[in-house]
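Below are the chains, spelled out letter by letter.
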Amino acid sequence: MVVTAVGVNSQTGIIFTLLGANEDDEEDEEEKKKEKEEKKKQRKIKKQDAAVESRKKAKSQDGAAMEMQPLNSDEGAEADEKKKSNQSKKEKSVLQGKLTKLAVQIGKAGLVMSAITVIILVVLFVVDTFWIQNLPWDKDCTPIYVQFFVKFFIIGVTVLVVAVPEGLPLAVTISLAYSVKKMMKDNNLVRHLDACETMGNATAICSDKTGTLTMNRMTVVQAYIAEKFYKKVPEPENIPPSILDILILGIAVNCAYTTKIMPPEKEGGLPRQVGNKTECALLGFSNDLKRDYQAIRNEIPEEKLHKVYTFNSTRKSMSTVLKLADGSFRMFSKGASEILLKKCYKVQLANGETKIFRPRDRDDMIKKVIEPMASEGLRTICLAFRDFPVSEGEPDWENENDILSGLTCLCVVGIEDPVRPEVPDAIRKCQRAGITVRMVTGDNISTARAIATKCGILLPGDDFICIEGKEFNRRIRNAKGEIEQERIDKIWPKLRVLARSSPTDKHTLVKGIIDSTVLEKRQVVAVTGDGTNDGPALKKADVGFAMGIAGTDVAKEASDIILTDDNFSSIVKAVMWGRNVYDSISKFLQFQLTVNVVAVIVAFTGACITQDSPLKAVQMLWVNLIMDTFASLALATEPPTEALLLRKPYGRNKPLISRTMMKNILGQGVFQLVIIFSLLFAGEKIFDIDSGRNAPLHAPPSEHYTIVFNTFVMMQLFNEINARKIHGERNVFDGIFNNLIFCSIVFGTFIIQIVIVQWGGKPFSCVALSIDQWLWCTFLGFGSLLWGQVISTIPTSRLKFLKSAGHGTQKEEIPDEELEELDDMEEIDHAERELRRGQILWFRGLNRIQTQIRVVNAFRSSISLYEGLEKPESRSSIHNFMTHPEFRIEDSEPHIPLIDDTDAEDDAPTKRNSSSPRNASPTPPSPTPSNTAAPTPPVSPSPNQNNNAVESSNHLVPEGPKSGTPSAPGSPLHSLETSL
């Protein structure tokens, strides 16, 4: 008996169901359904009406076209658009959410400040001109007054432009795009930009073993040769030449000739293994012993092999027989050590002789050699040989039991898929960075535990658990076999190795960790996978890593980042870049908010006191260019450092502006305001120049205000260097020359500032300054660096009044209307899917019915003379079934009437009449011709099946033919109808 799984029950079906289910997890919660039941009913009625209208429009289409395209309606397109817009709403990343909220808050504050600035300027001008000076409104002076009002408006707009942080989204885009480009060099191909940022907050990584933590190339790492146990591959000088020759010959001829070790594709890379991995390990062992197996194969081609016993699961060994020059035969065997050692009766000694290998010796070797190898996760292979002397004649090669006995043991080797050399260090970095690494593998638990120990996932004395998939499923499921989150929550915090796991287990574990509420912070999970069956877990994870070399297309499609070298250490690089994105944005914010605060306060205060902004409109726009575009480019392209891995993940609710950053912003703001106001109100005395305050409307630029502007820009340039550090570090120059973009922008800005001041003239409201004045401006700007050292000396913990800012939007902060709209969208999407499923099934079924009716009617029209008179009450059509316009989604989908089922039970006329509510009357139907059996009483339709399902078809099927009568049972036409 062959049992097959079809559709969603097959392995592929399960995988793709899970891939699709990840998007719908939240929509399927029972509580939400109960709360919104009334809304759903109303929505369904509206939906049904819209569906009816769309189907009426579609009736003129061909039946086949309708079956293939049942959903091409305006209403469907609108729903799709709504769905897309809904998805874009949901897909906003954590960082984007925080930045959007912060930008809106800053923008509102800037708008208020600019409005107040304009109002104060206008009021002061009007009061001073028309009240204090008591001047009348002269028509000739109107253009001058208008010019004053326009000037005030321009100042207000300038304050607003400076205040609104339009560089924030630019900084995020630049930082992510720059990171993605640089990550390519670190073997991370980023498919979704926000995955880069999310990786910075990762708290858990569920990794595969083979190929990710290990090299995916079997290698001999230990050997027992000539009664010596080598923990590493021995040097060829340490092995007696006679034994070495036999060993290399045996390896060369007793491995499939299709298995080869090929030169590396890239210079400096590892040799490529082609063919069986275990045999590749033995051929590699031959190369490690400085012997060339290929030379032996060239000397003894495959055709010269006398007999080959290929490997199979019964004998667990492979043997090859060679005919020697003297007519004798030599057989080489390799296989599982526990099997082959039982067939050995001799063992090779160092002096070239052999000794008897007794059961006691075998037990001794198992304890001292094989068990220690196995405990380290090694696969043990025994290599042996047997000579058949000429004197005994040619043996019976078909008698395998006799042939594969009396062997001489040459050596036992331990083979493993070795851990990548860089992985233990990468895992230590992850653990130090607060990221838990878990291994999920299909391998057996002993090997998995050994590899996990070598990698550093498991450490001696740790209270962590390693379990197999079967045990994991037993623990997380209740008596009904359902997965319970509470049960998963008891396991996952201590789980480090999940062995013998299925793809579904991996998906369950990832979903369980993400949905868990055991810890205060929501876990951010990264997952690695290479196979199609890893797709669901990759899709469910916050960040999915697919393997670029070993990965399938489905895995890559479901992933967010592709590891082009299949190496775990590349994931650590992704963590570094992710954290660097977050820090880059924070650096930019620290710099920009300082400029914002100072520029807005200077413009506002100066306008209020002197009725003119010390920083003119064009100057403010240049400052805005420095702090927005250039600064975002300079600070968002900082390369990551190892120091990023010395702290714990930030978490999703971590504010963008920490208390330390707030200390830096306010400290630098105070310093800059003191300097600017000192220059504004006492600058003319300090530099012995004319005052620029209270200048007339079209007065030429002054040295005084040029010095104020120049000093302000110099302070921003030096503060940009301060902004490189956001965690209170003292050395702000650390690694500055690693970022050429930063150095270029700072130097370039300085050069442009010199050009603007010296040659900008009236457009920039500047006059050329002397060398002394330039040196003073530069010195005052340099003071920002010195003041930064003073600020970093003050401990943040002492400044209790400081608050963090830039938190993400919490769920309780979202307006009820928006939440309701999102819930409505989810429900509409769900109803849409249900409707579409029902529609497609109905179109297919009902088109078949239509075709059958047409065939039957064609027969009737041709043989109506032989069938007697038409009986109007028994006239049959699909429309007999359709009486009520209701269309209930939940009923239509599970209960689909099948034509074959209904046709198989009763004769056609009875069934048609009984199924039609219109014809289902208490009186029997009118008699049929004489050969009909006794009238059958009408059968009432099943309320759950035919009634609802058939009623709903009223809106789906185009007008069918109404001519034709039911045929009598036993007639040729009746049998045709029944078969149809």
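Residues numbered from 1 in each chain as written. Predicted model: local features only at pLDDT ≥ 70, side-chain atom pairs only at ≥ 80, totals over all residues. Heavy atoms only, no water.

**Side note on the pattern of salt bridges**
In plain terms, the rule: The salt bridge definition used is simple: a Lys or Arg side-chain nitrogen within 4 Å of an Asp or Glu carboxyl oxygen. Strands here are runs of E lasting at least two residues and helices are runs of H or I lasting at least four, both read from the DSSP assignment and numbered beginning at the N terminus.
Overall, the coordinates contain 23 salt bridges when judged by the stated rule. The partner of Lys368 in a salt bridge is Asp364, and the shortest N-O contact between them spans 3.6 Å. With Lys368 and Asp364 both in helix α14 (residues 359–375) and four residues apart, the pair spans about one turn of that helix. Here Glu471 ties to Arg475 by a salt bridge, and the two come within 2.9 Å at their closest N and O atoms. Highlighted residues: Glu471 and Arg475, both in helix α18 (residues 469–476), separated by four residues, approximately one helical turn. Connected through shared salt-bridge partners, Asp425, Arg428, Lys429 and Glu642 make up one network.

**Concerning the sheet that holds strand β16 (residues 495–499)**
Rules: Only strands joined by at least two bridges in the DSSP assignment are considered to pair. Comment: axis = line fitted to C-alpha atoms, over the contacting stretch for helices; angle = value between 0 and 180 degrees taken between N-to-C directions. Any pair of residues with heavy atoms lying within 4.5 Å of one another is described as a contacting pair.
If you walk across this open sheet you meet the eight strands as β1-β19-β18-β17-β2-β14-β16-β15, and the pairing is mixed. In this open sheet, the two edge strands, each paired with only one partner strand, are β1 (188–190) and β15 (465–468). Across this sheet, the average inter-strand angle for adjacent strands is 20°, counted without regard to direction. By the bridge criterion, three bridges tie strand β18 (residues 543–547) to strand β19 (residues 561–563) in an arrangement that is parallel. For Phe545, the partnering residue across the bridge sits in β19 and is Ile561. Contacting β1 and β19, helix α8 (residues 167–185) runs over the sheet at an angle of about 145° to β1.

**Structural notes on unusual backbone geometry**
Positive phi values are uncommon outside glycine, yet Glu227 reaches one of about 60°. Mapping Glu227 onto the fold places it in the loop between β3 (219–225) and β4 (228–230). Positive phi values are uncommon outside glycine, yet Asp566 reaches one of about 55°. Relative to the elements of secondary structure, Asp566 occurs in the loop between β19 and α23 (569–610).

**Some thoughts on the UniProt feature "transmembrane region" (unreviewed entry) in the chain**
What counts is decided by this rule: UniProt positions are given in the numbering used here, feature names are shortened, and annotations may be inferred rather than shown by experiment.
According to UniProt, the positions carrying the feature "transmembrane region" (unreviewed entry) are residues 111–132, 152–178, 588–609, 665–682, 740–761 and 773–794. Counted over residues 152–178, helix gives 89% and strand 0%. Its end C-alpha atoms are 40 Å apart. Span residues 773–794 is 95% helix and 0% strand, its end C-alpha atoms 32 Å apart.

**Quick notes on the environment of Ser317**
Tracing the chain through its elements places Ser317 in strand β8 (residues 317–323). For the pair formed by Ser317 and Leu404, sequence separation is 87 residues and the distance between their alpha carbons is 9.5 Å. Once you skip the residues sitting within four places of it in the chain, Ser317 turns out to touch Tyr309, Thr310, Phe311, Asn312, Lys334, Gly335, Leu340 and Leu404.

**Digging into a nonpolar patch on the surface**
Cut-off, in case you're wondering: Patch membership is restricted to residues that have no salt bridge and whose relative accessible area is over 30%. Joining uses 9 Å for like charges and 5 Å for the nonpolar side chains Val, Leu, Ile, Met, Phe, Trp and Tyr. All accessibility values rest on the Shrake-Rupley procedure with a 1.4 Å probe; residue burial counts only the protein chains present in the view. Residue exposure (1.4 Å probe, protein chains only): buried if accessible area is under 20% of the type maximum, exposed if over 50%, otherwise partly exposed.
Residues Phe747, Ile751, Val755 and Trp759 make up a contiguous nonpolar surface patch of roughly 470 Å² in combined accessible area. Along the polypeptide, Ile751 turns up in helix α27 (residues 740–759). Relative accessible area serves as the criterion here: at 39%, Ile751 is assigned to the partly exposed category.

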